[in-house]
Structures are given as structure tokens and as C-alpha cells.
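# Summary of structural features
Each chain is listed here by its residues.
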2 protein chains.
Amino acid sequence: MAARRSFWAWGLETDEPSREEREQAAARLSKRYGREIHAPAAPRIEDIALRAPRVIPPAALASLCTTDAHERASHSYGKSYRDTVRAFRGEFPNPVDLVAYPTDEAGVLGLLEWCGGANVVAVPYGGGSSVVGGVEPPHGDRPAVSIDMAKLDRVLEIDELSRAARIQGGVLGPALEDQLRPHGYTLRHFPQSFEYSSLGGWIVTRSGGHYATNHTHIDDFVESVRMVTPRGVWESRRLPGSGAGPSPDRLALGSEGILGIVTEAWMRIQARPRFRASAGMTFDSWEGGAEAARRVVQAKLWPANCRLLDPVEAGAAAGLKGDEALLIIAFESAEIPQDAFIREAVRIARESGGRIDDGAILIADGSDEAVGRQGAVGAWRNSFVRAPYQRNLNVGLGAIGDTFETSITWDRWPEFDTHIRESVLAALQRVCGGGTLSCRFTHVYPDGPAPYYTFNGPGRVGGELEMWQEIKNAASDAVIAGGGTITHHHAVGRDHRPWYDKQRPDLFADALRAAKKAVDPNGVLNPGVLIDP
Amino acid sequence: MAARRSFWAWGLETDEPSREEREQAAARLSKRYGREIHAPAAPRIEDIALRAPRVIPPAALASLCTTDAHERASHSYGKSYRDTVRAFRGEFPNPVDLVAYPTDEAGVLGLLEWCGGANVVAVPYGGGSSVVGGVEPPHGDRPAVSIDMAKLDRVLEIDELSRAARIQGGVLGPALEDQLRPHGYTLRHFPQSFEYSSLGGWIVTRSGGHYATNHTHIDDFVESVRMVTPRGVWESRRLPGSGAGPSPDRLALGSEGILGIVTEAWMRIQARPRFRASAGMTFDSWEGGAEAARRVVQAKLWPANCRLLDPVEAGAAAGLKGDEALLIIAFESAEIPQDAFIREAVRIARESGGRIDDGAILIADGSDEAVGRQGAVGAWRNSFVRAPYQRNLNVGLGAIGDTFETSITWDRWPEFDTHIRESVLAALQRVCGGGTLSCRFTHVYPDGPAPYYTFNGPGRVGGELEMWQEIKNAASDAVIAGGGTITHHHAVGRDHRPWYDKQRPDLFADALRAAKKAVDPNGVLNPGVLIDP
């Protein structure tokens, strides 16, 4: 039998760190914080008393449902800092009452119909990787069922001529790629949550993936969406482009489970890249690197990767001295050698002060398919995908740490960055007595970057959530006051609601509320996410 | 005083063809159709008795409003085939009652507020170029005011760093470009209606413009929208990218005036191109040309132009023999020489049977800014923009002719094309006793082309509208039955409603209806467009 997902850690139960590994982490933190820290025992599901289920599914749906405590606990939280701390503590005051695994669209329809009649809340669940409270049930008297789409996990059809595939919404990243690979294709959507996030989840959260420029969000890769709402199926036509009214797909994209559950989508897929070229360029200043990134993307070279690391991140992640910014530019193509592209990008970046030896520009000419998939790029991708496991080690030890991300127009940069750093570092000082903040650009647009911040500070065991919340509030307040978006690709969920409410036009919220009411008249789906009922 | 717009012809009154020019057109058609045709007198506004205005504006708004007959007639129709025939005949059974020219946002708000209270329909009007009944008032007892945004025509702000500009919604294409040009920028959005279409109109109709690949529709150039609804202002944040809920802008895009009137938008602008490269390649077959276009765009070379003309169009428009298809590929950039790009595109297209001498590949190296803006490309653009004037000549002479456009995934091509040609040629035979149909790709996507069809047939003076409608119905039925969209960039308006209703998900229509009700509770804005009240 395959290993179960951990109910508190990122990954499987077999990924949970051992007592020894956690003691080693505690020793490292003891040294860093200058006080003695010990690793508490990891939680065991059998020690946790969950509230008894408040609802019983009807006989016709009973075979899809479980009240198993491990399942209920696993489905009550996502994987945010806050979620991991609460789960590690065994704090589950508001668990979902049931977990359902529909095996087909009829099952999803049946579940939503029952929820509507029985006043039960339905919480759509893909891979459970939300870091914004997106899979957590609302507080209140209504029972809640988590609808886990894991069994709708197949690539149903590949249209090689159009480079598109019909894919079920519940498939997780690795299984999706495993089904496309034998045909020579890939979706090439690699969010950090790749291992435990689903196609449907990507669509309803407007996930940002592999590509750093041009088409970045999953939005642009959606050809059509099939979604089950409480009133039935909503399916758009497969179209390469259209001007017929507002795009139905663009209303489904970002709807975070309040309008329906994505059962299938036609997705634009990619031929697997053979030609690659990349360059890591150093800059004396963060500003110089930002200018280079801006100019490369404004020249519309559209590199697949265009990540700028501030000196702190460049030091930690790439072994630089800590006083240089690093701009990683990479191109890839299934059809076309990429030398000309990388040389133009390097030429432009050099004009903004970027340094690289010509010999350090890496070019894979397509003769060996493995080249470029291994080496530095492969290592970076592995470490990127492994990063969420790091949190497993430190939970319960009092460390405060999280990431937040946004996007901002160039005219507000770098003042925006200064403002964010001042606000968050002040909060870290106030709350933790100090800490660190670093930044990278994960995506770059002609009109502005998508900065991604990481903060860390020493906390107190038992006080982590309040401390984290104060810093998170400071960061979110600064992002919104500075003109950014509360999220570039992490979504809104329940956690970002207060700031999302300041960001979106009030009249759009009214329109969205009305649209939801039209397809979900009983308010079954994710009440309180994005809008109040 | 500047010349007025013609109330029946494309352009200004000074663009109306003379009696002599129309007699020459009649002689040409007489020869082609083999029967004697004479040009009737052009209509004069003073000969047309419009229904008396059914409403009087309140004193506070009176200075913005006019009941002038020329204004009312001009604002009662767009510029479709049907509109031009009706206007030329002087048939205005359902004119707007008033035309209002707000001078600022407060004026727009005031007008909508009055409409709500007085049960008056508001029809937003930009350049009046709709070919789908998009600026025509609904039939019925409610009086209608056309809100012409012409006086909100300024570029308010240019953010050079972010390459974005804040622009008022009523500005027409030429005035917009005139205001960007001194700063070295351009929106580079050149629909065929360019001279008489507005930024706000482009946004609410999801206009398709200059670029044939990658970012084609105005959608992708919108950074934020400010829109006046009957309940007040809806304004989104300026953001390069976001994942915060469904995009508010994407609901405004394509809303065709049913949700609000765009008063301002931040638009992503372009540096003026200096480097250009282009190639016109011939193919023995239409299929070979389509394969080449598909492969170039699937290779993600993203040419600015990638237009494929079938042998008929290549013969008529480019002087070829009529047995070859023509693929025009062109690249442009403000920053980067484009030789490498065009050579890759030519290499790929040759693999699909494309022919061009190396010496015929045109490359402008940026040393002379004028190169490439003149010559063939300039001539083509001029003839493209001049095309709508051609209809002025033939109206009233019994000629039936129109265009329709769609998009379709590659897996359905070329069967889709075969089906369209059979259906429309059969209709032409039945209705006109014969006629011609030709096709070009105006835009090309990795997952499919956007084919654009032109049909012509001999009609009867006085019977044009019924004959046109039968052919239009056959074309639209075939497009929808074949899996296409009823419009790739012409919009839905009142004319495409029956087919749009088959295309969009029913539940999306319910959601859109509810969203409209939320921002336009009295149903003031364009009732009957996109959805029924």
C-alpha cells in the first residue's frame, strides 16, 4: 500500500522528518537564536480528538465518503505556515465533517446536490497545497464536506495537431506530466507545489508556473474549462481565441471554488524542449539587475526564465558573496536553437551593468536531449520543488518564517521595495527582536516585476501564530498601501480576504457575488472565500 | 468647421462618393452581373422624417444633449452591411431619441443616473464602427440616448518606465496615436476600423488589432480599466499581473456596454519599432500554407504579422496568379534586429513547401527609421484602413457582400474550411445564383487559426437585406456547427446573438445576467446585447 499523505507535514508520512532530524534542526536553531530549543514529539492522529461528524451522507453517496480521522484532519488545512503550526500542535477545532472522493462527474454533481438540500458546505480539494486558507472550511454551524478530486486524474485525450490535451481536474502535477511525457509533450507548469497541487486547483487559483515572462499564469494555457456547479455543468467551447463577450474561462479562472469544481479542461501543451540556453549574470546592485530584467522583457525576447535574486538570496541560493544580485536568464525551445536569443539578452543586460564571461553562457544545441535538463537547471528545479519539505523540520521549534508575493508597475519600483523592507523589518524587530527579509523576482512583465519575499525571525514556541500574523499583516498592509496585488500567484483564500477586499473594485465584488448566487443559489461552495455570502 | 461624419457612409461627409463615382461603380457592377444597374441618388438627411424624440433631458444635462436629425441618424446604426443599406435607403424606423456628448466622467454618471430614473435606455457609443448592431438601440417603448464618448479623447499620462499610458475611453485611433507619437510610443492597435473606433470600444468588444500572434486582442494590452456603471465607478488596480480572484478587467473586456462605459484605461504601450523583417512566401496549396503558419507559431517565434491568404485573396490582393496561397510573415522590434527571427520562420515555412528567394526577404536594420514603415507594409496598411470606404461605392446597387470571422482548433482544420465554403457557396447559389467566397488567416495561435472570410454575390436592389441575411445565417450556422466562435474580434452585438447563445455556456449567461443586474439594476445599459434582461 502506498504511503499516506502526512496530516501535518508537506508530503507523505514517509517524508516526515525523524526525531533525530528534528533534534538536529532544533540544535541549529538553538545556536542561531542563542537559546536552548528542543524538538517536541510529532503529533499522532490517534491522539487527536476531532469533533464528531455533524452530518451523515445519504446512502447513495456513502461509498464516496469517509469520516476517517486522518482523512478529516488532512483535509481541514492547507499547507501555509499557519496550517502547519496548527496541525503540528494537533489543533483541529473546526475539522471538515466528511471527506468525499468522487470517481466521476456524476459523483461531483450528486455531492453538490446533496449539499444544497442538506445545508452542507462543500470545500473543493485538489492537492491541498493552499497557503492561503483555500481548503479550510468556514467556521459556523453548517457541516462541511471536503470534495477531494484525486480520482479524476487522467489525461483523456491529446490533440497533437493543436498541441492541446483534455485533462481531468484532479490530476496532480507529476501524474499529469507522466501521462503527457510518452507522447513527447508537457504542460510545463511547475509551481513550487507541483507535487501536491492539481490542474483544477491551478485553474481556480490562477497559478503561476514555470515561465517567467510572456505567458506566465495557467490562465493563458487554458483552452476551455468544464466545471460542475450546483446548478449543473458549465463548459466552454475549445477555441484558440475569441471575442465573443466576456470570456467564460476568465471568470472560472481565479474563482477559488466558489462557482464550481473543475472536472476537465482542454489545456495548451508544449513540445518538450530540446534547445536551451542560459546565463547567470551578476550585478553590483539590485537596481541594476532590475533594470536589466526590465529591458530584456520590454525587448520582448520572452525568456522562459528571468529570475532576479537580491544579494541576500544570491548569497544563500547561489553561493555568491552576498553583495551582488544575480539575474538568471534562460531560453528553451523544441524547434529553434536559442543562441541568438541568449546573446541578445546578455547584450542588453550588460548595458545595465550585468557581468558574465562569454564562456559561461550555456547553450544546448539539441543534439543531446538530456543536456540542460540535468546540471544546474535540473538541480535548481529539484531544490525548488524540495523547498516545502524544509518547513517540516522547523515546525514546533518557534521559528517564524514565510513568503509573500505581489506584482507592481516599474514606476513604483524600487520605492515599493524600500517600503516593503522597512515595514516588514520593523515588524520583525518589534515582534521577534530581529530577522531577515530577502527578495527575488519570480516573473517579469513589460510593465513590472512580480517580487517574491521571504522573511524569517526567531519566535517563541506557543506564540508563533500571533507573531506570524503580526508580521503577515504588516507585509500585506505594505503591499496594498504600496499599490501591489495581495497575490500574484498564491491566491486569496480565507487568509488574504481583508486585503483583497481593499484591492478589488467594490462593484466587481457585487457582480461576482451575484454571479455566484446565479450558479450556487444555496451558497454551497466555499462560502466566505473571495466574497461574503 | 471640420467635416461631419456621414450619416450613411464610412467616414466623413467629404468621403461620400460623388454621383459620378457611384455611376462608375454601377457600370462596373452592370458588367459583372450582366444587367443594367443605375446609381440612385444618395440620401439627404433633410429628406428623412425621424420619429419625434420621445424624451426630453433634464435641464442639468440638456447642454450635453442634442436632437439634431443628422446626429440621431448617425448614432442609430453602426457600419455593418445591413446598417449601410438601411441608412442609404433612409430607413430609420427606430432612431435614438437623443445623442449626448458628456465632457467628463461626471457627465457620464449623470446621464446614467437620469436614464435609470426616467426608464431611458443608454447606448454607449465610441467610434460607431460596429458591424454587429452594437450601437443600435433596442426596439420597444423605452426612449434611448446614445452616449457618444468623443469628448473624452485625451492621453492623460504616460509612464515611460512601465511603458503604459492612461488614456480616455472615447479617443479614436488616429488621435490616440497622435498623442503617443511625440513620446516615441504607440499602442500598435490597428483594427480595420482604426479611424473610427475608440479605445473604450476596443476594450468592450475585445478588439483584435495589429499583432497576428502572441498578444493579439486588446485584452492583453489592458493594465487596468476605469468604467462608469449605473451604480458608480468600477476601477481596477494597475498591475502587471495578478492572481487575486477572477480578473475584474476580463469581465469588463467584451462586456459590450452592458456593464458600464469605459472612461479611462491604463494601456500597455510599445516603443516604436525600428527593426523590421518580412517575407512573402508562396505555396502550391492552401493546406501547405496553413501548415507553415501553424508550425511557425507553434515554434513560438511570435511574428507581428502572420497572414495567410488563400489563392483567391492572394490573386486579388497581391497580384498572384490565383493558384498559389501567400503567407506574409513579418517581425518588428524597437530593440533587436529581426534577421535571425525571419530566417528561422522562413526555414520552417520552406519545410512545409513555402517558396521565397533569399534575396526577397526584406530586412530593415534600424539605421533608417523610415524604412519598413513605408513601402509594401505601409501600402498594405493604408489599403487595409481604406477598405471600409469601398462599401460606400456599391451601396444601393444591389451588391451583396460581407465578411465574417472565427477561430478554430487545428484538428478541425481544413474540414472546417471545407464545411464553411460548401455552406456559404450553396447559400450564395440559392440566394444570388452564384458568388465568391475567399479566406485569409488574420491571426494564428499555437492551437488554431483565426480564419476571416469574404463573400460577394449579385443581389437585387430592394432585396439586399433579406438576401444578405440568408447568407449570413448560413455562414453563422456553419461556423457554430463546425465548432468555431461566432466572432474572433468583430463582437456579438445584436446581430450575432442567436449564435452567441448557442456558443456560451448557459450557466455563464446566467452569471453574466446576474452580474449585470448587480451593477445596472434598472437595466439601463444596452438591454438585449449579449443577454436578455
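Keep in mind that what you see is a predicted model, and the values were worked out from it rather than measured.

## Let's talk about the overall build of chain A
Counting secondary structure elements, chain A contains 16 helices and 18 strands. Over its C-alpha trace chain A gives a radius of gyration of 23 Å, about what one expects of a compact globule, namely 24 Å for 533 residues. The principal-axis extent of the C-alpha atoms belonging to chain A is close to 70 × 60 × 50 Å. Per-residue burial for chain A yields a buried fraction of 60% across its 533 residues. Considering only residue pairs separated by 6 or more positions, chain A has 72% of its internal contacts joining residues 24 or more positions apart.

## Re the packing of helix α13 (residues 415-432) of chain B against helix α14 (residues 464-481) of chain B
All names here are of chain B. Viewed as axis vectors pointing N to C, α13 and α14 meet at an angle of 165 degrees, and their least axial separation amounts to 9 Å. Taken together, the axes of α13 and α14 are roughly antiparallel relative to one another. Between α13 and α14 lies a crossing of right-handed hand. The residues of α14 that touch α13, namely those facing His419, Ile420, Ser423, Val424, Ala427, Leu428, Val431 and Cys432, are Met467, Glu470, Ile471, Ala474, Ala475, Ala478 and Val479. Residue classes in the contact of α13 with α14 are distributed as 12 nonpolar, two polar and one charged.

## As for the domain arrangement of chain A
Residues and elements named next belong to chain A. The domains assigned to chain A are domain 1 (275-368) and domain 2 (391-492). Put simply, the middle of domain 1 and the middle of domain 2, counted by C-alpha atoms, are 25 Å apart. With 13 residues of domain 1 in contact, the opposing surface of domain 2 contributes 13 residues. Counting residues per element, the side of domain 1 that touches domain 2 draws most heavily on helix α9 (residues 286-298), which supplies six residues. Looking at side-chain class alone, the side of domain 1 that touches domain 2 contains seven nonpolar, one polar and five charged residues.

## Focus on the sheet that holds strand β18 (residues 448-458) of chain B
Residues and elements named next belong to chain B. The strand order across the open sheet built from seven strands is β15-β12-β14-β13-β17-β18-β16, with neighbouring strands paired in antiparallel fashion. The sheet is open, and its two borders are formed by β15 (362-364) and β16 (399-405), each paired with just one other strand. Strand after strand, the sheet turns through a mean of 15 degrees between neighbouring axes, direction not considered. Here strand β13 (residues 305-309) runs beside strand β14 (residues 325-333); their pairing, made up of five bridges, is antiparallel. When the sheet's bridge partners are listed, Asn305 is paired in β14 with Ala330. Sitting on the sheet, α14 touches β16 and β18, and the angle it makes with β16 is about 25 degrees.

Basis of the calculations
Residues numbered from 1 in each chain as written. Chains lettered and ligands numbered in written order. Predicted model: local features only at pLDDT ≥ 70, side-chain atom pairs only at ≥ 80, totals over all residues. Helix = DSSP H or I, 4+ residues; strand = E, 2+ residues; numbered from the N terminus. Rg over C-alpha atoms; globule rule 2.2 N^0.38 Å. Buried ≥ 20, exposed ≤ 12 C-beta atoms within 10 Å, placed from the backbone. Contact = placed C-beta atoms within 7 Å. Axes fitted to C-alpha atoms, helices over the stretch in contact; angles between N-to-C directions. Parallel < 35°, antiparallel > 145°, perpendicular 65-115°, else oblique. Left-handed = near helix turned anticlockwise from the far one by under 90°. Nonpolar A, V, L, I, M, F, W, Y, C, P; charged D, E, K, R; others polar. Domains from an automatic or database assignment. Pairing = 2+ DSSP bridges.

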